[in-house]
Amino acid sequence: MKAQDIFLAGVGGQGILLAGEILCIVFMEAGLDVKKSEVHGMAQRGGSVTSHVRCGRKVFSPLIPEGQADVLMGFEALEALRWVDFLKEDGVLLVNRQKINPTTVTSGRMEYPSRIYDVLKKRHPKTRIVDGLKLARKAGDARTVNSVLVGAISREVNIPEEMWKRAISKRIPEKFVDVNLHAFELGRGR
Amino acid sequence: MKSTTTKLLSGNEAIAWGAHDYGVKVAAAYPGTPSTEILENIARFDDVYAEWAPNEKVALEVAIGACLGGVRTLASMKHVGLNVAADPFFTASYIGVNGGLVIISADDPGMHSSQNEQDNRHYALAAKVPMLEPGDSQEAYEFIGQALEMSEQYDTPVLFRVTTRVSHSKGLVERKAKRIKHLREPGFVKNPPKYVMVPNFARQRHEYVEQRMARLHELSETTPINRIEWGRREVGIVTSGVAYQYARDARPRASFLKLGLTHPLPENLIQEFAEGVKKLFVVEELDPYLEDQIKALGIPVLGKERFPICGELSPEIVKQGLSGKKRKKTDSPTNVPPRPPALCPGCPHSASFYTMKKLKLNVMGDIGCYTLSVAPPLETMDSTLCMGASIGMAHGLDKALGEDPESRSVAVLGDSTFLHSGITSLMNIAYNRGNSTTVILDNRTTAMTGFQEHAATGRTLQGVETPEVDFEALGKALGIDSVRTVDPYKLKDLEKALKEEVEAPHSSLIIARRDCLLLKRGERKTPKTVDPEKCVGCNLCLLTGCPALSQTSDGKAQIDSVICNGCPICEQICKLDAIIDLS
């Protein structure tokens, strides 16, 4: 498998860091070097959250250079837009169909941008909208959006399905494994 | 914890494993981003004693005491924590060690979660101790072992400097098979000339410190953690820490002088490297720490004219600095509303700040989640300086403004911050006959850094039950005239207490006590909703800044039932009883 840079962006509480962790486990078990970077603390209180995941023969920088990510996983539409500069021109953009208003919008000071999906598609032809919330609910728990998106990205990476499922089973608490595996399958599509 | 040889670890986790595997016996810290997870992870090992100290000074003193007992020890803190611990730190350099002593400073370039971005490498120079700087998780793990050995071999504390991108990046770590057995036997041997720093003894120890640094200088030239990686000779890059990773990505074929021991610097090695390349760069985050010392050797080098002093570096910034060319930006999206962090829905702090804003108080604030009240619409916090500063500053402001009726100031800080460094300042108000009001927002945890225990929560880092500090009794014991406790969810009581105490001509302490909502995530109450028949769109409730509240297109309030925690704050503010339980 070739080197991959995957940028994850969303809102605190959406399970972004956990999704990044699962990607890392998969790449690691595929025999690759892997690095991941994110920020904790104050930035996490309902703020914008990102995670950089890089894998390859040997990884140096834990941060993905701007304009170099092979895949951008947008867990929320506005966050996909905010970080889109990290994606390379012909990169794959997976964006969850979900809108979470930031406080700058709920307070009435700014407006949530309209037609985000159109803007993203125009910039990056390889944009795919994932019905994350809908599929997560179908799987049985709205909180499994992250596993749906992991399912969606698993199609873009040449690693056997079984390895993804093993990573999910390894990293997620036992009583939530089944619902997350189901969410993963729905995200991966059949 | 399960032990396998290769693990995916953050820098902080790698430090914890390193501490364990290289025989650390006692570790202490006060939580602070980006250092917090070091002690949290060490605490999971049964064979290491780990504790939260009330502040970094105490943490370091605990570690120093333990090291005099002959065991390997560690104290960890965020960069500004070392300011608090600076007093023991400087003289620890004189007394040296018995067992190995490592002091971890986790700096925060870019200020992801900090009030400044000071460069703590200067501390190593100032205190005359060696400093190690790992650049990834594998080095973080290994360098802990080297730091402990260096500490014992050279009779010195070792400063271990990491940054956010080392602490919070994960990478693969190859571990040793098992924990080493520390060879020294625990025990304290009296040695006043070494441990009692009266001037006469301290003078001798200062001589020792200078000799020690000369010996460390020699080590710096030969240690393999300072290494030259020869590539093409057109460009040579001197670098350390995470900046090395960015530079390796930007110029994979250049020559590198990768420094792991960054104090004292290997002058001959730098000279040799500089002579071997055509153009010499220094790539380092924050201050020109390496650059200034290299220039002082008379070696011309390109540094801060190409790379910024402010903010953290990134692969792009390093690439642009090395090439001297700006990357062409694509058409970036515009008008993207920021998503700043905010107080959670139902946070008891919102009620406190809503009330202080209503009373038009001058709020001398502090460091914690509640600092977020500076953002609109609350916009209540009028100062934030450092841990515990609120109380001293409110006292000073009150003394300056005297009997001026405009002087309606309060000091506001959290429970953990009060225990960290608020107690002595509160005593100062009582002692110096101040009439200031101090408000402890007591949510019974260290919330911002991720819910750590402290001396008033009844539990230690390693889960032992313990007595809780009694804030009410403490306030009285310090000599505060009026001490009262309120529930911030009872807005009328809170307002009455604040109004009375601010106006009263005596010193007061108000404890606004309610558990942090995130501590009790399981107990979610029925969410609220707005009765559109009753709501007239006055928007008073929106002033709480609660993320669950917003306006509909016709100007009325609405509540997002998915994130509403069902707290009683907004319903008490609404004068028309328009906020009701969602049926």
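Here, every reference points to the structure presented above.
Summarised in this report is the structure supplied together with it. Note that the coordinates shown come from a computational prediction; the quantities given were computed from them, not determined experimentally.

Next up on the list: the overall build of chain A. The helix and strand inventory of chain A stands at eight helices and six strands. Traced from its N-terminal end to its C-terminal end, chain A shows the element sequence β-α-β-β-β-α-β-α-α-β-α-α-α-α. Since a compact globule built from 190 residues should have a radius of gyration of about 16 Å, the 16 Å found for chain A is in line with a globular shape. Here chain A holds 190 residues, and 57% of them are scored as buried. Contacts in chain A between residues at least 24 apart in sequence constitute 65% of all its contacts with a sequence separation of at least 6.

Turning next to the pairing of strand S4 (residues 72–78) of chain B. Each regular strand carries side chains that alternate between the two faces of the sheet. Residue and element names in this part refer to chain B. When you tally the buried positions in S4, you get seven out of seven residues, the bulk of the element. Where strand S2 (residues 24–29) meets S4, five bridges bridge the pair, whose relative direction is parallel. Each residue of the ladder has a partner; that of Val26, found in S4, is Thr73. Strand direction decides the pairing type here: S4 and strand S5 (residues 101–107), joined by six bridges, are parallel.

Another point: the sheet that holds strand S18 (residues 508–513) of chain B. Residue and element names in this part refer to chain B. Read from one edge to the other, the open sheet built from five strands follows the order S14-S15-S16-S18-S17, with strand pairing classed as parallel. Lying at the two open borders of the sheet, with one neighbouring strand each, are strand S14 (362–364) and strand S17 (482–486). Taking the axes of each pair of neighbouring strands and ignoring which way they run, one obtains an average angle of 25 degrees across the sheet. Together, S14, strand S15 (409–414) and strand S16 (437–442) form the strand contacts of helix H16 (residues 389–401), whose direction differs from that of S15 by roughly 175 degrees.

Residues and elements named next belong to chain B. Within the open sheet, the four strands sit side by side as S9-S11-S10-S13. Their pairing is mixed. Strands with a single pairing partner mark the edges of an open sheet, and in this sheet they are strand S9 (226–229) and strand S13 (279–283). Averaged over neighbouring strand pairs, the angle between their axes works out to 15 degrees when direction is ignored. Pairing of S9 with strand S11 (residues 254–259) involves four bridges; the strand directions are antiparallel. The residue of S11 that forms the bridge with Asn226 is Leu259. Sitting on the sheet, helix H11 (residues 241–250) touches strand S10 (232–240), S11 and S13, and the angle it makes with S10 is about 150 degrees.

A separate point is the nonpolar core. If you look at the biggest cluster of nonpolar residues, it comprises 160 residues, and the most contacted ones within it are Leu72 and Leu149 of chain A together with Ala27, Ala29, Ala59 and Ala63 of chain B. Apart from the residues within four sequence positions on either side, Ala59 of chain B is in contact with Ala28, Ala29, Tyr30, Ala53, Ala75, Met77 and Ala85 of chain B. In this structure, Val410, Cys516, Cys546 and Ala578 of chain B belong to the second largest nonpolar core, which totals 63 residues.

Each neighbour pair has its own omega, and for Thr33 of chain B with Pro34 of chain B the value is 5 degrees, a cis peptide bond. Looking at where Pro34 of chain B falls in the secondary structure, it is placed in the loop between S2 and helix H2 (37–42). Here the amide bond leading from His263 of chain B into Pro264 of chain B is cis, since omega sits at -5 degrees, within 30 degrees of zero. Turning to its location among the elements, Pro264 of chain B is positioned in the loop between strand S12 (261–263) and helix H12 (267–276). Even without a glycine there, the phi angle at Arg115 of chain A is positive, about 55 degrees. Within the secondary structure, Arg115 of chain A sits in the loop between helix H3 (103–106) and helix H4 (116–123). Residue classification places Arg115 of chain A among the exposed positions, given that 9 C-beta atoms sit within 10 Å. With phi around 45 degrees, Glu379 of chain B is a residue other than glycine that occupies positive phi space. Checked against the element boundaries, Glu379 of chain B lands in the loop between S14 and H16. Given 14 C-beta atoms within a 10 Å radius, Glu379 of chain B is considered partly exposed.

Turning next to the interface of chain B and chain A. Every contact between the two is made by 43 residues of chain B and, on the other side, 44 residues of chain A. Counting only elements with at least two residues in the side of chain B that touches chain A, the list comes to helix H8 (164–167), strand S8 (169–174), H11, helix H14 (315–323) and strand S20 (549–551) of chain B. Of the residues contributing to the side of chain B that touches chain A, the split by class is 21 nonpolar, 16 polar and six charged. Note: strand S2 (residues 33–38) of chain A against S8 of chain B, three bridges, orientation antiparallel. Of the residues in S8 of chain B, the one forming a bridge with Lys36 of chain A is Lys170 of chain B.

Once that is clear, we can look at helix H8 (residues 174–188) of chain A. All names here are of chain A. A rise of 1.5 Å per residue sets the reference length of H8, with its 15 residues, at 21 Å; its end C-alpha atoms lie 21 Å apart and thus fit the reference within 8%. Of the residues making up H8, those classed as buried are Asn180, His182, Ala183, Phe184, Leu186 and Gly187. Where the residues of H8 are buried, they touch strand S6 (127–130), helix H5 (132–139), helix H6 (145–154) and helix H7 (161–171). Positive phi shows up at Gly189, right after H8, with a value of about 75 degrees.

Take the packing of helix H3 (residues 56–68) of chain B against helix H5 (residues 86–95) of chain B next. Residue and element names in this part refer to chain B. Interhelical geometry of H3 versus H5 gives an angle of 30 degrees and a closest axis separation of 8 Å. In terms of orientation, H3 and H5 fall into the roughly parallel class. Taking contact as the criterion, the partners of Lys57, Leu60, Glu61 and Ile64 in H3 are, on H5, Asp87, Pro88, Phe89 and Ala92. Looking at side-chain class alone, the contact of H3 with H5 contains five nonpolar, no polar and three charged residues.

Conventions adopted
- Here the residue numbers are simple positions, counted from 1 along each chain's written sequence.
- The naming scheme follows written order: chains are lettered A onward, ligands numbered 1 onward.
- In view of the model being predicted, local features appear only for residues whose pLDDT reaches at least 70, and side-chain atom pairs are presented and counted only at 80 or more, with totals across whole chains, interfaces and linings using the full set of residues.
- Only runs of H or I of at least four residues qualify as helices and only runs of E of at least two qualify as strands under DSSP, and these elements are numbered from the N terminus.
- Atoms counted for the radius of gyration: C-alpha only. Globule rule: 2.2 Å times the number of residues to the power 0.38.
- Three exposure classes are used, all based on how many other C-beta atoms lie within 10 Å of a residue's own C-beta (placed from the backbone): buried at 20 or more, exposed at 12 or fewer, and partly exposed between those limits.
- What counts as a contact here is a pair of residues whose C-beta atoms, placed from the backbone, lie within 7 Å.
- Strand pairing is assigned whenever DSSP detects at least two bridges linking the two strands.
- All axes are obtained by fitting lines to C-alpha atoms, using only the stretch in contact for helices, and the reported angles, taken between N-to-C directions, cover 0 to 180 degrees.
- Buried Ala, Val, Leu, Ile, Met, Phe, Trp, Tyr and Cys residues whose C-beta atoms connect them within 7 Å together make up a nonpolar core.
- Residues are grouped as follows: nonpolar covers Ala, Val, Leu, Ile, Met, Phe, Trp, Tyr, Cys and Pro; charged covers Asp, Glu, Lys and Arg; every other residue, Gly included, is treated as polar.
- Here the expected length of a helix is defined as 1.5 Å per residue gap, with one fewer gap than residues.
- What sets the label is the angle itself: under 35 degrees gives roughly parallel, over 145 gives roughly antiparallel, 65 to 115 gives roughly perpendicular, and the rest give oblique.

Any functional reading would require information beyond the geometric quantities listed.
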